[in-house]
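# Chains, contacts and geometry: an overview
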Amino acid sequence: MENKVGGGCLSNFYQRGKPYIAMISLQFGYAGMNVITKVSLNGGMSHYVLVVYRHAIATLAIAPFALLLERKLRPKMTFMMFLQIFILGLLGPVIDQNFYYAGLKFTSPTFSCAMSNMLPAMTFVMAVLCRMEKVHIKKLRCQAKVVGTVVTVAGAMLMTLYKGHVINLVWSNNVHTNTTSNETSDKDWLKGSMLLIGATFAWASFFILQAITMRKYTAPLSLTALVCFMGTLQSIAVTLVMEHKPSAWAIGFDMNLLAAAYAGIVSSSLAYYVQGLVMEKRGPVFVTAFSPLMMIIVAIMGSFILSEKIYLGGVLGAVLIVAGLYSVLWGKYKEYQEKEIEGPVKGVVINDIEMQKSEVVIGVPMQQPPILAKEVPRA
């Protein structure tokens, strides 16, 4: 009996923790994509071509599963649905990815992740404007979400604007950086920052529209495949306009292929699908609240692989980001608990009303013959 109770508690804990495990795992996947992509871009890979290959691989990876598993679940395609998928492909694969890769090329993986930490704040504001999130400022859970969003953005801005002293790590003491490359990158720092802000805005818009689209298009695998396919076609058109050298399309068994395959399978096909599933249950604000973790993971991986320096401002900003993230998640968890409690309570009330009605019906004497009583339902 105790084993059953223990197993039930463990299963219940796993069911409640699945959204958190899924989103934390995605942040590790995104972090690896940032580091690998930075190496590929530094090697001369065009970010326009990289976006095309990324979403072409993502389409090939997810389309077979969508065709096999959702052939009976796929809703009918309408013009409005096609238009929403077209805009999703434009916002995510084209605008967000091209802007983000260009900003990543002009800055660094850690800085790019720090700038993208404005994503939860942008998504929260847009969700409130679209009436997907309700703000009852007198409630503690809503205050926690608002304060957590502000603290998260403050931590990201602290990492961006304040560097402080360099923290010498054990594995980075013997690393010698090139000062000339740092000076040239500083000239394009502002340009990269503006591109990253534009990418973050497009990414937040993608989340909001994806949540709206999934209400009617209830086949998440098919939706992911269609968005990746539409993004591939649009990215090809953009690349043909921006890249005039045929050699830019050349790719071999090297870091460029690894970056395209990793980003396509992990950061596009799997990420779009998992985010959609979690978003159906918890909403877009919950999904984007985990993005600050990616910056911390990238900062550690960047110091190992790319020999990036870690500054005091980065550590202080990371502490604020974790505190803000916890505050937002606590508010969302309390909101989820309230919805779970309200559901059973409403069901009990409805059942009580139905029981009372049935008691009243039973207590009323029959005024019609049994034959007429049977004929009424047929009419």
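Analysis parameters
Residues numbered from 1 in each chain as written. Predicted model: local features only at pLDDT ≥ 70, side-chain atom pairs only at ≥ 80, totals over all residues. Heavy atoms only, no water. Helix = DSSP H or I, 4+ residues; strand = E, 2+ residues; numbered from the N terminus. Contact = heavy atoms within 4.5 Å. Areas by Shrake-Rupley, 256 points an atom, 1.4 Å probe, with all protein chains shown as cover. Axes fitted to C-alpha atoms, helices over the stretch in contact; angles between N-to-C directions. Left-handed = near helix turned anticlockwise from the far one by under 90°. Nonpolar A, V, L, I, M, F, W, Y, C, P; charged D, E, K, R; others polar. Buried < 20%, exposed > 50% of the residue type's maximum accessible area, 1.4 Å probe, protein only. 1 Å grid on protein atoms, 1.4 Å probe; cavity = no way out; pocket = protein on both sides within 12 Å on 5 of 7 lines; lining within 4 Å. Points joined across faces, edges and corners; volume = space filled by probe spheres on them. Patch = residues over 30% accessible without salt bridge, like charges linked within 9 Å, V, L, I, M, F, W, Y side chains within 5 Å. Salt bridge = Lys/Arg side-chain N within 4 Å of Asp/Glu carboxyl O. pLDDT = per-residue confidence, 0-100. Phe/Tyr/Trp six-rings, centres within 6.5 Å; stacked < 30°, edge-to-face > 60°.

### Details of the overall build of the protein chain
Within the protein chain one finds 14 helices and 2 strands. If you take every contact in the protein chain between residues at least 6 apart in sequence, the share linking residues at least 24 apart comes to 90%. Total accessible area on the protein chain is roughly 20,900 Å²; 69% of this is exposed by carbon and sulfur atoms.

### Concerning the packing of helix α3 (residues 79–106) against helix α9 (residues 220–242)
Axis separation between α3 and α9 bottoms out at 8 Å; the angle between their running directions is 60 degrees. Here α3 runs over α9; the crossing is right-handed. Contacts between α3 and α9 involve Phe82, Ile85, Phe86, Leu88, Gly89, Leu90, Pro93 and Val94 on the former and, on the latter, Leu223, Leu226, Val227, Met230, Gly231, Gln234, Ser235 and Val238. When grouped by side-chain class, the residues that make up the contact of α3 with α9 number 12 nonpolar, 4 polar and no charged.

### Considering the environment of Leu258
Structurally, Leu258 can be placed in helix α10 (residues 255–282). The class for Leu258 is partly exposed, based on a relative accessible area of 41%. Considering only alpha carbons, one finds Leu258 and Met33, 225 residues apart in sequence, at a separation of 9.7 Å.

### Some words on the environment of Met81
By the secondary structure assignment, Met81 is in helix α3. Along the primary structure Met81 and Thr213 are separated by 132 residues, whereas in three dimensions their C-alpha atoms are 7.5 Å apart. When near neighbours in sequence (up to four residues on either side) are disregarded, Met81 contacts Thr213, Lys216 and Tyr217.

### Quick look at the layout of surface pockets
Each pocket or cavity is described by its volume, and for the second largest pocket that value is around 570 Å³. Around the second largest pocket sit 23 residues that line it, and Met132, Glu133, Lys332, Glu335 and Lys339 are the ones nearest its centre. Elements represented by at least two residues in the lining of the second largest pocket include exactly α10 and α13 (312–363). For the lining of the second largest pocket, the element with the most residues is α13, which contributes 6 residues. Its residues placed into classes, the lining of the second largest pocket shows 6 nonpolar, 3 polar and 14 charged.

### So, the environment of Tyr100
Positionally, Tyr100 belongs in helix α3. The buried category is assigned to Tyr100, whose relative accessible area is 9%. In this structure, the C-alpha to C-alpha distance between Tyr100 and Gly198, residues 98 residues apart in sequence, is 8.2 Å. When sequence neighbours within four positions are dropped, the list of residues in contact with Tyr100 reads Asn34, Ser112, Cys113, Ser116, Leu196 and Ala199.

### Overview of a nonpolar patch on the surface
Together, Met77, Phe79, Met80, Phe82, Leu83, Phe86, Ile87 and Leu90 line one region of the surface with nonpolar side chains, adding up to about 710 Å² of accessible area. By secondary structure assignment, the location of Phe79 is in helix α3.

### Some words on the confidence of the model for the protein chain
Any region with low pLDDT has predicted coordinates that should not be read closely. Per-residue confidence for the protein chain gives a mean pLDDT of 78, with 82% of residues at or over 70. The lowest-confidence element of the protein chain is helix α14 (residues 370–378), averaging 40 in pLDDT; the highest-confidence one is α9, averaging 93. Note on residues 175–185: pLDDT under 50 across the span, and 5 contacts to partners over four residues away in sequence or across chains.

### Description of empty space enclosed by the protein
Enumeration according to the criterion identifies 2 cavities of 30 Å³ or more in this entry. As a volume, the largest cavity reaches approximately 300 Å³. What lines the largest cavity is a set of 22 residues, and nearest its centre among them are Tyr30, Ser116, Leu119, Trp203 and Met294. Looking at the lining of the largest cavity, the elements that each hand over two or more residues are α1 (2–42), α3, α8 (189–213), α10, α11 (284–288) and α12 (291–305). Examining the composition of the lining of the largest cavity, we find that 5 residues originate from one element, α1, more than from any other. Here the residues of the lining of the largest cavity sort into 11 nonpolar, 9 polar and 2 charged.

### Comments concerning the side chain of Ser267
For Ser267, the position within the fold is in helix α10. Judged by its relative accessible area of 1%, Ser267 falls in the buried class.

### Digging into the packing of aromatic side chains
All chains considered together, the criterion is met by 9 aromatic pairs. Centroid distance Phe206 to Phe207: 6.4 Å. Interplanar angle 80 degrees. Geometry classified as edge-to-face. Each member of the pair, Phe206 as well as Phe207, carries the same accessibility label: buried. Geometrically, the ring pair formed by Phe286 and Phe290 is edge-to-face, given 5.3 Å between the ring centres and 70 degrees between the ring planes. Owing to a relative accessible area of 1%, Phe286 belongs among the buried residues under this scheme.

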